[in-house]
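In case you want the letters, here they are:
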Amino acid sequence: MSIRHCCGLVKLKPSSFYYSCKEPNDGALKEALKEVAQKRKRWGYRLLTILLRRKGFTDNLKRIYRVYREERLQVQIRKKKKTAKWRGEKLSPAMSLNERWSMDFVSDQLSNGRKIRIFTLVDNFSRECLALEADTSLTGLRVIRVLESLKENRGLPKKLLSDNGSEFTGKNLDKWAYSRDVEQQFIEPGKPIQNAFVESFNGTFRDECLNEHWFKNLEEVKTTIEAWRNDYNHFRPHSSLGYQTPAEFSDKIQGKNIQRTENQNLDQIPNYDVINPKELSLNLIQ
């Protein structure tokens, strides 16, 4: 019997019988994926896909993920202990810029073992990092100085959310907040999940910046974290903002049309390696 006759009996198209599998040519995709993964060591395949799109690759997500696994570029995730469930009243989501800022401290050390602290400040609505202040010691007066420096260009928030650290509960910051008509909000002791926006940012900051660098002195710390803050605000896609950068999200809310030149060329990006803003935030953009 002929092959065509046999195909007709089993209801198989001859073209399917003669089809031969062609091995996909992933050479260019592999090289580009390894290149962006080397620059962004702590990014997963979804964020890396956005950078590949900027370089002109149109491969679908499944193919990129397959190559991503074949090249063993997966980021190892540290397992965390289960935290306690929410206790107390949940905070309502921020609905506009400068409605609520979250602040906290992150600790690290220099190459000589000297401890340093970094003050982090985040806008809950746009996810922008407004300030990163580093020093060996940070008091409530330094926190006030950072907030005052943002007053002219950014303005002040309606509410400040923080933990119960002495820098935030002291008289100096309390008097300043009262004089500037800023409401202070404090989370329950031992419940960092209630300040989840800044805690999420702190995890990203430590994972992509602090853990990737070895600091010799305090000046190097300040230069490095400020460069990373600029990169985070203007060039790092944020999943909870529809993969926009915090600066793009903020510009759209304010009706600005600002183009970021680095988006067109990945090679210009420095070698640096959250909680949903609610659907209403994205609806405001649309």
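Our structure is the block above this text.
Position numbers for residues count from 1 along each chain, tracking the sequence in the order it is written. Owing to the predicted nature of the model, reporting of local features is limited to residues with pLDDT of at least 70; listing and counting of side-chain atom pairs is limited to 80 or more, with chain, interface and lining totals taken over all residues. Only heavy atoms go into the side-chain values, all of them from the structure, while hydrogens and water stay out.

**Some remarks on helix H4 (residues 45-54)**
Inclusion rule: Here's how the labels work: a residue is buried when its accessible area is under 20% of the maximum for its type, exposed when over 50%, partly exposed in between, all with a 1.4 Å probe on protein chains only. Secondary structure counts use DSSP, requiring at least four H or I residues in a row for a helix and at least two E residues in a row for a strand, with both numbered from the N terminus. Whether two residues are in contact is decided by their heavy atoms: any pair within 4.5 Å suffices.
Most of H4 sits inside the fold, with seven of its ten residues counted as buried. Within H4 the residues assigned to the buried category are Tyr45, Leu47, Leu48, Thr49, Ile50, Leu51 and Leu52. Check the buried side of H4 and you find it contacts helix H3 (27-39) and helix H5 (61-70). Phi turns positive, to about 100°, at Gly56, one or two residues after H4.

**Things to note about helix H6 (residues 140-149)**
Burial in H6 covers these residues: Gly140, Arg142, Val143, Ile144, Val146 and Leu147. Tucked into the core, H6 has its buried residues touching strand E1 (100-109), strand E2 (115-123), strand E3 (129-135), strand E4 (159-162), helix H7 (166-169) and helix H8 (171-179).

**Structural notes on the sheet that holds strand E5 (residues 183-186)**
Keep this limit in mind: Should DSSP find at least two bridges between two strands, the strands are regarded as paired. Axis geometry follows a simple rule: fit a line to the C-alpha atoms, using only the stretch in contact for helices, then measure angles between N-to-C directions, giving values from 0 to 180 degrees.
A sheet is described by the order of its strands in space; here five strands give the open sequence E3-E2-E1-E4-E5, paired in mixed fashion. Each edge of the open sheet is held by one strand with a lone partner, namely E3 and E5. For this sheet the average axis-to-axis angle between neighbouring strands, irrespective of direction, equals 20°. Sitting on the sheet, helix H9 (residues 196-208) is in contact with E1, E2 and E3, with an inclination near 35° to E1.

**With respect to the packing of H6 against H8**
Where we set the bar: Our angle categories are set so that under 35 degrees counts as roughly parallel, over 145 as roughly antiparallel, 65 to 115 as roughly perpendicular, and the remainder as oblique. Handedness of a crossing is defined here by the sense of rotation of the near helix relative to the far one, left-handed for an anticlockwise turn of less than a right angle and right-handed for a clockwise turn. All residues other than Ala, Val, Leu, Ile, Met, Phe, Trp, Tyr, Cys, Pro, Asp, Glu, Lys and Arg, Gly among them, are scored as polar; the first ten of these are nonpolar and the last four charged.
Contact geometry of H6 with H8 gives a least axis separation of 8 Å together with a crossing angle of 30°. Judged by the inter-axis angle, H6 sits roughly parallel to H8. The handedness of the crossing between H6 and H8 comes out as right-handed. Between H6 and H8, the residues in contact are Leu141, Val143, Ile144, Leu147 and Glu148 and Asn172, Leu173 and Trp176, respectively. Class assignment of the residues belonging to the contact of H6 with H8 gives a composition of six nonpolar, one polar and one charged.

**Observations concerning the pairing of E4**
For E1 and E4, the ladder comprises three bridges, and the chain directions are parallel. Paired with Trp101 across the strands is Leu160, a residue of E4. By the bridge criterion, four bridges tie E4 to E5 in an arrangement that is parallel. The residue of E5 that forms the bridge with Leu160 is Gln184.

**Describing the environment of Glu220**
The topology assignment puts Glu220 in helix H10 (residues 218-234). With 110 residues separating them in the primary sequence, Glu220 and Leu110 have C-alpha atoms 9.7 Å apart. Setting aside residues no more than four positions away along its own chain, Glu220 makes contact with Trp214 and Phe215.

**Remarks on the side chain of Asp135**
Its place among the elements puts Asp135 in strand E3. What Asp135 contacts, discounting residues up to four positions off in sequence, is Ile116, Arg117, Arg142 and Leu218.

**Overview of the pattern of salt bridges**
Spelled out, the test is: For this analysis, a salt bridge means a side-chain nitrogen from Lys or Arg found within 4 Å of a carboxyl oxygen belonging to Asp or Glu.
Using the criterion set out here, one finds 18 salt bridges in the structure. With a shortest N-O distance of 3.9 Å, Lys55 and Glu35 are connected by a salt bridge. You can see Lys55 sitting in the loop between H4 and H5 and its partner Glu35 sitting in helix H3, a full 20 residues away along the chain. The exposure class of Lys55 is partly exposed, given its relative accessible area of 34%. In this structure Glu35 comes out as partly exposed when scored by relative accessible area, which is 29%.

**Quick look at unusual backbone geometry**
Across residues other than glycine, the phi torsion is negative in most instances, and most of the peptide bonds are trans. At Arg127, a residue that is not glycine, the phi angle is positive and equals roughly 65°. Checked against the element boundaries, Arg127 lands in the loop between E2 and E3. Not every positive phi belongs to a glycine, and Tyr243 is a case in point at roughly 60°. Residue classification places Tyr243 among the partly exposed residues on the basis of a relative accessible area of 34%.

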